[in-house]
Structure formats: C-alpha cells, structure tokens
Amino acid sequence: MGSVSKRRAIQTARARTCSNSTSFLLTMPGFLDDSNFGALSCKLITVCPNNVHLGKSLPTINANITLFDETTGILKAIISGNEITKWRTAAASVVATKYLTAKKGLRVLAILGAGAQGEIHAVAFQHFFNFEEANSKRLIRIWNHNTLKAEKLVSKLNQLYCGTVFKCFKSNEMCVKEADVIITATFASEPIVQLKWLKKGTHINAVGAGLTHYSELSESIYLASDVYIDYSEGAEAELTGLKELGVEFKGEIGTLVSGGVSPSSVNQITVFQSLGMAVEDCAMARMVYDLYKKQYRNV
Ligand SMILES: NC(=O)C1=CN([C@@H]2O[C@H](COP(=O)(O)OP(=O)(O)OC[C@H]3O[C@@H](n4cnc5c(N)ncnc54)[C@H](OP(=O)(O)O)[C@@H]3O)[C@@H](O)[C@H]2O)C=CC1
Ligand SMILES: O=C([O-])C1=[NH+]CCC1
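The structure presented is a predicted model; accordingly, all values stated were derived computationally and were not measured.

Novice: I would appreciate a short explanation of the site of ligand 2 in the present structure.
Specialist: The immediate surroundings of ligand 2 are formed by Arg14, Met28, Lys43, Ile45, Thr85, Arg88, His213, Leu275 and Gly276. Arg14 places a polar side-chain atom, nitrogen or oxygen, 3.1 Å from an oxygen atom of ligand 2. Separating an oxygen atom of ligand 2 from a side-chain N or O atom of Lys43 is a distance of 2.7 Å. Computed on the free molecule, ligand 2 has an accessible area of 250 Å², of which 90% lies beneath the protein chains in the complex. For the shell around ligand 2, the secondary structure elements donating two or more residues are strand E4 (39-47) and helix H2 (82-100).

What follows is the structure in structure tokens.
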C-alpha cells in the first residue's frame, strides 16, 4: 500500500466486462517495482453471485493470476487466485484498521457477511487484534442475511480458533450496536448498515461489491465519515456515484502508512472503501512463485 502511494506501482483502473446483469469479468493488470515483492501480472477474476443458487458449492468469485517476466514479457506462471484474493483483501482491511484506529480502544468487532470474505476477515482479525467485549473474553460477532449460513460459519470458527468466541447475530442492527470496527463483505445492493446505528468513532471496512462498490452502507454514513480508499485511479473510475453525492476522499491508506496524512480524530467515523488492488495480487503471486521455485525446483 505504501508503494502504491509512493507511485512505485502501476495499476490502471481495471476493465469490467459484464456477461449478464449480475455477473462480470474484471481484468486487473499491475506492475510493482520492488526487488522483493515486485512483479508484472494480470489477474482475471469473475464475479458470479448467482453461483450460490446452483447448488454445487461453487465459489462466487473465481480468479487466476498470470505472472510475467518483467524484462522479456514471457509468461512465467498462471496461479490460482481464489486464496490469494481472500487473503490479500483481508490483509488490506487489517492494515486500514491498524492505521485508522491507532488511537482508539477496540472492544467490539462486527462482521456482516458469512461468505469467503466474511470468513477470512474473521480469521485475520482474531489473529491481529484483541476484541474483548466483556470479562476479558475475546469475541467476534457475525451476521448474515441467511442466518443458517452465519451459524455454520460460527460453529466452524469456534472449533478452529479456541481463543476467541464467534457469536452469530440474527439482526444486523444488533450486530453493529456499539461496534468499534465493522466489516461488510456481502453482495448487498441495499444498505445493510445505517448511520443511526453507529457510535462515535466507529471504523468500517466496506469490502463488498454488489452492483456498485458502495451499496452496503447508507449514503448518510458516507456523508458523515472520513472516507479512505486503496488507490485513487480505481476510486476515480469506480466510485463516481460517491463523488456525485459529494463525498471527498481523505486519501489512500498507503499515504497513512507512509506517514503523509494525519489519521482522523478518535470521534470521527471512518470508512475504508476497499476496491481491491491489482498490485496486491502481483505481490502475492510473486511470493507464491518464489516459494514454489524454492520448494519444488530448488532454485
Ligand atoms: N474489495 C475487495 O478487494 C474484494 C471484494 N470482494 C467482494 O466482497 C463480497 C463478498 O465476496 P465473497 O465473500 O467472496 O462472496 P461469497 O459469495 O462467498 O459471500 C457473499 C456473502 O454475501 C451474502 N449476500 C449475498 N447477497 C446478499 C444480499 N442481497 N444482502 C446481504 N447479504 C448478501 C451471502 O449470503 P448467502 O450466501 O446466504 O446469500 C454471503 O454471506 C462481494 O461483494 C465481492 O465482490 C471480493 C473480493 C475482493
Ligand atoms: O479486487 C478484487 O479482486 C475484487 N474486487 C471486487 C471483486 C473482486
């Protein structure tokens, strides 16, 4: 993220090719100029929310990353991108939360959405943060519009991570009540969080992209918040609706990381509007490729 804000990363706004009214292909080329994590790559990712209704347990998001030699342009690898997309998206939310809540006490975390992103955010946030609601008990709240799915996820997470209690909420309003941090990771095309439900100083990681990238939160939340983005070019292209609403972006998270922007005050509601960056995929693909070479080819 720091490299993006220092302009050591090249990633034009991605192309979106619709295959029908709800599904699309994103083409995400990126170049990262870094001796350890640098790479030239292009992620091809399809988003098909209706896969969930096909009854075949198909992921709704499917990605592959093509990795190229920066000098010769020769294709080096095609790397499956589903796990990479999950992890790098949660990692971006962790970094945004770290920098935007640095001066705030964190007790209550609410995750809205129990799909792939909801799950990986729960795993990442229990690892990096200490959300203790009461009696020093670590707790993470999870809501899904279909409660059964949230119950299944909660049961799985409670078996895997015994240091934290994962609790299912039937109401999104109750789930976000008193939350210090909220993560929205759904395909909701209508707001699932309202301003009047929030307390002062809440930080929201808005990850989901339904029809637009900003449909999970009410307009009043955006207008009342300091909104941060991952990269300006993407925001200019994909967040036009927010700009038309009068929302001014405070800056890129990478600028906060590099110390170029002062984080918001403790009582200010903040939103990290996560679009997802091609260079996050670049860095991860390079890491996977290097590990593969070391482990299997002894190079
Ligand atoms: N910012 C970024 O970098 C990235 C963003 N995303 C976005 O994150 C979101 C989640 O992705 P992912 O977890 O992989 O997808 P999944 O299909 O695994 O999960 C989607 C979740 O959204 C819920 N959901 C679906 N429709 C609605 C609705 N109308 N209202 C409320 N909840 C709904 C689903 O519940 P149920 O199954 O019960 O219907 C499920 O819990 C997507 O919008 C995706 O585009 C994904 C990757 C990267
Ligand atoms: O960056 C990404 O991979 C995505 N953003 C929205 C859907 C997938």
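Novice: Explanation requested: empty space enclosed by the protein in the structure shown.
Specialist: Empty space among the atoms becomes apparent when a probe as large as a water molecule is rolled across them. If you walk through the whole model with that rule in mind, you get one cavity of 30 Å³ or more. One number sums up the size of the largest cavity: a volume of about 50 Å³. For the largest cavity, the full set of lining residues is Tyr99, Leu100, Thr101, Ala102, Lys103, Lys104, Pro263, Ser264, Ser265 and Val266.

Novice: Which parts of the structure should I look at to understand the layout of surface pockets?
Specialist: Volume-wise, the second largest pocket comes out at about 440 Å³. Contributing to the lining of the second largest pocket are 18 residues, with Met1, Val279, Glu280, Ala283 and Met284 lying nearest its centre. For the lining of the second largest pocket, a count of residues per class yields 13 nonpolar, two polar and three charged. Each of domain 1 (2-84 + 279-297) and domain 2 (92-278) gives at least three residues to the lining of the second largest pocket.

Novice: For this particular structure, what's the right way to read the pairing of strand E3 (residues 24-32)?
Specialist: Remark: a regular strand shows side chains that alternate across the two faces of the sheet. The two faces of E3 differ: Phe24, Leu26, Met28, Gly30 and Leu32 on one face are buried, but Leu25, Thr27, Pro29 and Phe31 on the other face are not. Of the strand pairs in this sheet, strand E1 (residues 9-10) and E3 are connected by two bridges, and their pairing is antiparallel. What sits directly across from Ile10, in E3, is Phe31. Inspection of the sheet shows strand E2 (residues 15-18) paired to E3 by four bridges, in the antiparallel sense. Directly across from Ala15, in E3, lies its bridge partner Thr27. The hairpin turn running from E2 into E3, its antiparallel successor, is five residues long. Two strands pair when backbone bridges link them, and E3 and E4 are joined in this way by nine bridges, in the antiparallel orientation. Residue Leu26 lies in a different strand from E4, and its bridge partner there is Ile45.

Thresholds, definitions, all that
- Residues numbered from 1 in each chain as written.
- Chains lettered and ligands numbered in written order.
- Predicted model: local features only at pLDDT ≥ 70, side-chain atom pairs only at ≥ 80, totals over all residues.
- Heavy atoms only, no water.
- Near = heavy atom within 4 Å.
- Polar contact = N/O pair within 3.5 Å; in protein donor to acceptor, adjacent residues only side chain to side chain.
- Areas by Shrake-Rupley, 256 points an atom, 1.4 Å probe, with all protein chains shown as cover.
- Helix = DSSP H or I, 4+ residues; strand = E, 2+ residues; numbered from the N terminus.
- 1 Å grid on protein atoms, 1.4 Å probe; cavity = no way out; pocket = protein on both sides within 12 Å on 5 of 7 lines; lining within 4 Å.
- Points joined across faces, edges and corners; volume = space filled by probe spheres on them.
- Nonpolar A, V, L, I, M, F, W, Y, C, P; charged D, E, K, R; others polar.
- Domains from an automatic or database assignment.
- Buried < 20%, exposed > 50% of the residue type's maximum accessible area, 1.4 Å probe, protein only.
- Pairing = 2+ DSSP bridges.

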